[in-house]
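Take a look at the letters that make up each chain.
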Amino acid sequence: MNTFKTKKDLQSYLGKQREDGLRIALIPTMGALHSGHLSLLDRATQIADIVVCSIFVNPTQFNDPKDLEKYPRPIENDLQLLKQAGCDVVFMPTVEEMYLQNEPAWNIDLGDLDSVWEGQKRPGHFQGVTQIVYKLFTLVKPDVACFGQKDFQQIMVIKRMIEIKDLPITVEICPTIRSKEGLALSSRNMRLSEQGKNKALALFRALSYIKTHFTTHPPAVLKENAADIITRETGLEIEYIAICESRNLKETQTIDFNVSHVAMLVVWIEGVRLIDNIILN
Ligand code: PAF
């Protein structure tokens, strides 16, 4: 596994691989890797010759400087996991390597994608995400970039950025990894008690209910019944349940089955904010 800290070294290495006609996959991460990330790596090795994983805790996507400071950085463990999983290249730059001191302002028109759901909760977050992902894309020039479906809005935002910047990059959406009972894997689950984890299975039950009845029930009924499934468990507080067009994440009142839809939800349990989604068609 080759590890690079500078753009120059990374580019010079990848330039040679590209000359040899090798297909490059990029997995952008902020480190603190878990089995969800490793499943992206698994997929990337199937669809590309060279897998590049970046580890960079990106300051521009944090709203709260304390969250940035507290963000876990278990770098030795990450490197070991990546090596075991067959990663070819790790890029782990410093902040100074990625951002100029007088960095030009970044502002890309993501439309409503920027301001709904997670965007509303974290103003400016998706500008920061697209800013760093664009930098990584122009550096690595991957043929394909792998992202986990769990952060569905992030994927839609990145796809929009690719469209706007006209980049020749395919986005590979990798399925959310779940426990065998259905709880979506997340580093946040560690903060839940065993009872909390059991209660949290209601999220997947609610999403599965929506998927099963998607073609027969109107969205309002689906949402109401999904909310019932969740609130039947004590201590679960719904922040939102939404049934949206996948492309623009606009909430739908009546379904047009010719376009793809997604059900997304955020639920609080034991002070932990859990996010999950399911693609409906
Ligand atoms: O999903 C993440 O970990 C980050 O938002 C990403 C895509 C690596 C950009 O910093």
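None of these values were measured; they are calculated from a predicted model.

Rules and cut-offs
Along each chain, residues carry numbers from 1 onward, in the same order as the chain's sequence is written. It should be noted that, the model being predicted, local features are given only for residues of pLDDT at least 70 and side-chain atom pairs only at 80 or more, the latter also being counted only at that level, while totals for whole chains, interfaces and linings use all residues. Heavy atoms from the whole structure form the basis of all side-chain values; hydrogens and water molecules are not counted. Ring geometry is summarised as follows: Phe, Tyr and Trp rings, the Trp one being its six-membered ring, pair when their centres sit within 6.5 Å, and such pairs are stacked at plane angles under 30 degrees, edge-to-face over 60 and tilted between the two. Here a helix means four or more residues in a row that DSSP labels H or I, a strand means two or more in a row labelled E, and each is numbered from the N terminus. Residue exposure (1.4 Å probe, protein chains only): buried if accessible area is under 20% of the type maximum, exposed if over 50%, otherwise partly exposed. Any pair of residues with heavy atoms lying within 4.5 Å of one another is described as a contacting pair. Note on terminology: disulfide denotes any pair of cysteine sulfur atoms within 2.5 Å. If a single non-hydrogen atom of a residue is within 4 Å of a molecule or strand, that residue counts as near it. In protein, a polar contact requires one atom able to donate a hydrogen and another able to accept it; more generally it is a pair of N or O atoms within 3.5 Å, and residues adjacent in sequence count only if both atoms are side-chain atoms. Reported accessibility uses the Shrake-Rupley method at a 1.4 Å probe radius. Residues are deemed covered only where the shown protein chains occlude them. Only strands joined by at least two bridges in the DSSP assignment are considered to pair. The axes used here are C-alpha line fits, helices contributing only the stretch in contact, and every angle between their N-to-C directions lies in the interval 0 to 180 degrees.

Engineer: Looking at this structure, I do not really get the packing of aromatic side chains. What am I missing?
Structural biologist: Remark: the centre distance and the inter-plane angle together describe each pair of aromatic rings, the angle taken between the planes. Summed over all chains, the structure comprises 6 aromatic pairs. Geometrically, the ring pair formed by tryptophan 106 and tyrosine 134 is tilted, given 5.3 Å between the ring centres and 35° between the ring planes. Placement of the pair is tryptophan 106 in the loop between helix H5 (95-98) and helix H6 (118-121) and tyrosine 134 in helix H7 (residues 125-140), with a sequence separation of 28 residues. Judged by its relative accessible area of 23%, tyrosine 134 falls in the partly exposed class.

Engineer: I keep staring at the side chain of serine 54 and nothing clicks. Help me out?
Structural biologist: Its location among the elements puts serine 54 in strand S3 (residues 50-55). Excluding residues that lie within four positions of it along the chain, serine 54 makes contacts with Leu26, Ile27, Pro28, Thr29, Phe91 and Leu136.

Engineer: Sorry if this is basic, but what is going on with the state of the cysteines here?
Structural biologist: In a disulfide, the sulfur atoms of two cysteines are held together by a covalent bond. With the rule as written, the count across this model stands at 0 disulfides. Considering cysteine sulfurs only, cysteine 53 is the nearest to cysteine 87, which forms no disulfide, with 5.1 Å between them. No disulfide involves cysteine 146; its sulfur sits 4.6 Å from that of cysteine 174, the nearest cysteine.

Engineer: I'm lost on the site of the ligand in this one. Help?
Structural biologist: With respect to spatial proximity, the complete set of residues near the ligand consists of Pro28, Thr29, Met30, Asn58, Gln61, Val129, Ile132 and Gln154. Side-chain polar atom of glutamine 154 to an oxygen atom of the ligand: 2.7 Å apart, as the coordinates give it. If the ligand stood free it would expose 280 Å²; the protein chains cover 87% of that surface. For the shell around the ligand, the elements supplying multiple residues, two or more each, are strand S2 (24-29) and H7.

Engineer: What am I meant to see in the sheet that holds strand S8 (residues 261-269) here?
Structural biologist: Sheet strands associate in pairs through backbone hydrogen bonding, adopting either a parallel or an antiparallel arrangement. Overall, antiparallel pairing links the 3 strands, which are arranged S7-S8-S9 in an open sheet. Edge positions in the sheet fall to strand S7 (236-245) and strand S9 (272-279), since each of these pairs with one other strand and no more. The sheet shows a mean angle of 15° between the axes of neighbouring strands, taken without regard to direction. Here S7 pairs with S8 via 9 bridges, running antiparallel. Paired with glutamate 245 across the bridge in S8 is histidine 261.

The analysis is restricted to geometry; functional conclusions fall outside its scope.
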